[in-house]
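# Topology and contacts: notes
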Amino acid sequence: MTDFGISAATSIVVLTGAGISQESGLDTFRDAGGIWARYDIDDVATPEGFARNPPLVHDFYNEQRREAAVAVPNAAHLALTNLEAAWPGRFLLVTQNIDGLHEKAGSKALLHMHGELDRFLCEACGKRGPWQGDMTTASACPLCGRAGTLRPDIVWFGEMPYFMPEIYRALGEADLFLSIGTSGTVYPAADFVRAARQAGAVTVELNLEASRRGHGLFAHEIEGKAGDIVPAFVRDLLEGRLPS
Ligand code: NAD
């Protein structure tokens, strides 16, 4: 183990992806048997797909909403909550996940860059808000009252992710960047490691398999299941160590 001079002033930015929720029983996108093996991205995760076939898209997210509603956070989600609570410096958790498991685990400084399953976006009034249960083409907007205008508040391919200025500001000030359970294939999230490196941050990937081995993007690559490696990493970090 190496002492990297982690101090109270150290600012941590964490990025999570579908892999952190895999052990909570939620499918990832790109692994074998993952969601994209069963659905076409263009059909269910683009504005054009929604325009073509809104019932299909609603069914897709209704199924994910039902699964997420009964899922419980695993040891990796809980370790990040502990890290946030115990860390004396700045801490920001950015997630690509839409499942709400970080909130269930108690995370506070959390940005959902790709939206959330349990929120709606009204295409008529442009407003967003909390949503529970299935959404259909007949659902009415809780705010403007019009029916047939709702979509899940999910950022689809071709749309601008949320909170980009806040996220890049935090990356620009980061001393330590952790990427957990993400394949590094979806931009702009895949680029965050570069921004963190530019800011001089120590970069660490924790994933089942190193996503970009040989690219030199991460100073440290820790392979394993998030439920095992994230709690162990957090324990070391809180004791002032990073793996060498
Ligand atoms: P991805 O499916 O592309 O990659 C998942 C990564 O996690 C892979 O590199 C895989 O090796 C790794 N992984 C799988 N099981 C793991 C485990 N137990 N421990 C550690 N790592 C594990 O997912 P991504 O990179 O998050 O892709 C981005 C898109 O996926 C986002 O748009 C996000 O909204 C969406 N997504 C979210 C959920 C969710 O909210 N739970 C589920 C599926 C996809």
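Structure report, in brief.

## Overview of the packing of helix H5 (residues 75-86) against helix H9 (residues 226-238)
Following both chains from N to C, one finds H5 and H9 inclined at 15°, their axes separated by 7 Å at the closest point. Between H5 and H9, the angle falls in the class roughly parallel. The chirality of how H5 crosses H9 is left-handed. When H5 is examined against H9, the residues Ala75, Ala76, Ala79, Leu80, Leu83 and Ala86 are found in contact with a partner set consisting of Ala226, Gly227, Val230, Pro231, Val234, Leu237 and Leu238. Each residue belonging to the contact of H5 with H9 can be placed in one class, and the counts come to twelve nonpolar, one polar and no charged.

## Structural notes on the side chain of Ser179
With respect to the element layout, Ser179 can be found in strand E7 (residues 176-180). By relative accessible area, Ser179 is classed as buried at 2%. Excluding anything up to four places from it in sequence, Ser179 contacts Leu15, Val204, Glu205, Leu206 and Phe218.

## Some details on the sheet that holds strand E1 (residues 12-16)
What the six strands build is an open sheet, ordered E3-E2-E1-E7-E8-E9; its pairing is parallel. In the strand order of this sheet, the two ends are held by strand E3 (110-112) and strand E9 (220-223), each with one partner. Across the sheet, the axes of successive neighbouring strands diverge by a mean angle of 15°, strand direction being ignored. Packed on one face of the sheet, H9 meets E1, E7, strand E8 (202-207) and E9 and runs near 150° to E8.

## A short note on unusual backbone geometry
In this structure, Pro188 follows Tyr187 across a cis peptide bond, with omega equal to 5°. With respect to the helices and strands, Pro188 occurs in the loop between E7 and helix H8 (192-198). Phi at Phe163 is positive, roughly 65°, even though this residue is not glycine. Within the secondary structure layout, Phe163 lies in the loop between strand E6 (150-154) and helix H7 (164-172). A relative accessible area of 34% places Phe163 in the partly exposed class.

## Considerations on the side chain of Thr203
Tracing the sequence through the fold places Thr203 in strand E8. Overall, the relative accessible area of 1% leaves Thr203 in the buried class. Within polar-contact distance, the side chain of Thr203 engages the backbone oxygen of Leu217 at 3.0 Å.

## Remarks on the site of the ligand
In the vicinity of the ligand, 26 residues are found, and the nearest of them are Phe29, Arg30, Gln96, Thr182 and Ser183. Separating a nitrogen atom of the ligand from a side-chain N or O atom of Asp99 is a distance of 2.7 Å. Contact with the protein chains covers 95% of the free accessible surface of the ligand, which is 860 Å². Looking at the shell around the ligand, its residues break down into seven nonpolar, 13 polar and six charged. Composition of the shell around the ligand by domain shows at least three residues from each of domain 1 (1-25 + 72-114 + 161-244) and domain 2 (27-70 + 118-154).

## So, the pattern of salt bridges
Close approach of charged atoms allows side chains of opposite charge to pair. The final tally for this structure, using the stated rule, is nine salt bridges. Here Glu159 makes a salt bridge to Arg151, at a shortest N to O gap of 2.9 Å. One continuous salt-bridge network, built from bridges that share partners, spans Arg119, Arg128 and Asp153.

## As for H7
Looking only at H7, the buried set comprises Met164, Ile167, Ala170 and Leu171. Angular distribution of buried residues about the axis of H7 spans 130°; they occupy a single face of the element. Turned more than 90 degrees from where H7 packs its buried face, Pro165 and Arg169 sit exposed. Of the surrounding secondary structure, the elements contacted by the buried residues of H7 are E1, strand E2 (91-95), E3, E7 and H8.

Definitions and cut-offs
- Residues numbered from 1 in each chain as written.
- Predicted model: local features only at pLDDT ≥ 70, side-chain atom pairs only at ≥ 80, totals over all residues.
- Heavy atoms only, no water.
- Axes fitted to C-alpha atoms, helices over the stretch in contact; angles between N-to-C directions.
- Helix = DSSP H or I, 4+ residues; strand = E, 2+ residues; numbered from the N terminus.
- Parallel < 35°, antiparallel > 145°, perpendicular 65-115°, else oblique.
- Left-handed = near helix turned anticlockwise from the far one by under 90°.
- Contact = heavy atoms within 4.5 Å.
- Nonpolar A, V, L, I, M, F, W, Y, C, P; charged D, E, K, R; others polar.
- Buried < 20%, exposed > 50% of the residue type's maximum accessible area, 1.4 Å probe, protein only.
- Pairing = 2+ DSSP bridges.
- Polar contact = N/O pair within 3.5 Å; in protein donor to acceptor, adjacent residues only side chain to side chain.
- Near = heavy atom within 4 Å.
- Areas by Shrake-Rupley, 256 points an atom, 1.4 Å probe, with all protein chains shown as cover.
- Domains from an automatic or database assignment.
- Salt bridge = Lys/Arg side-chain N within 4 Å of Asp/Glu carboxyl O.
- Arc of directions from axis to C-beta.

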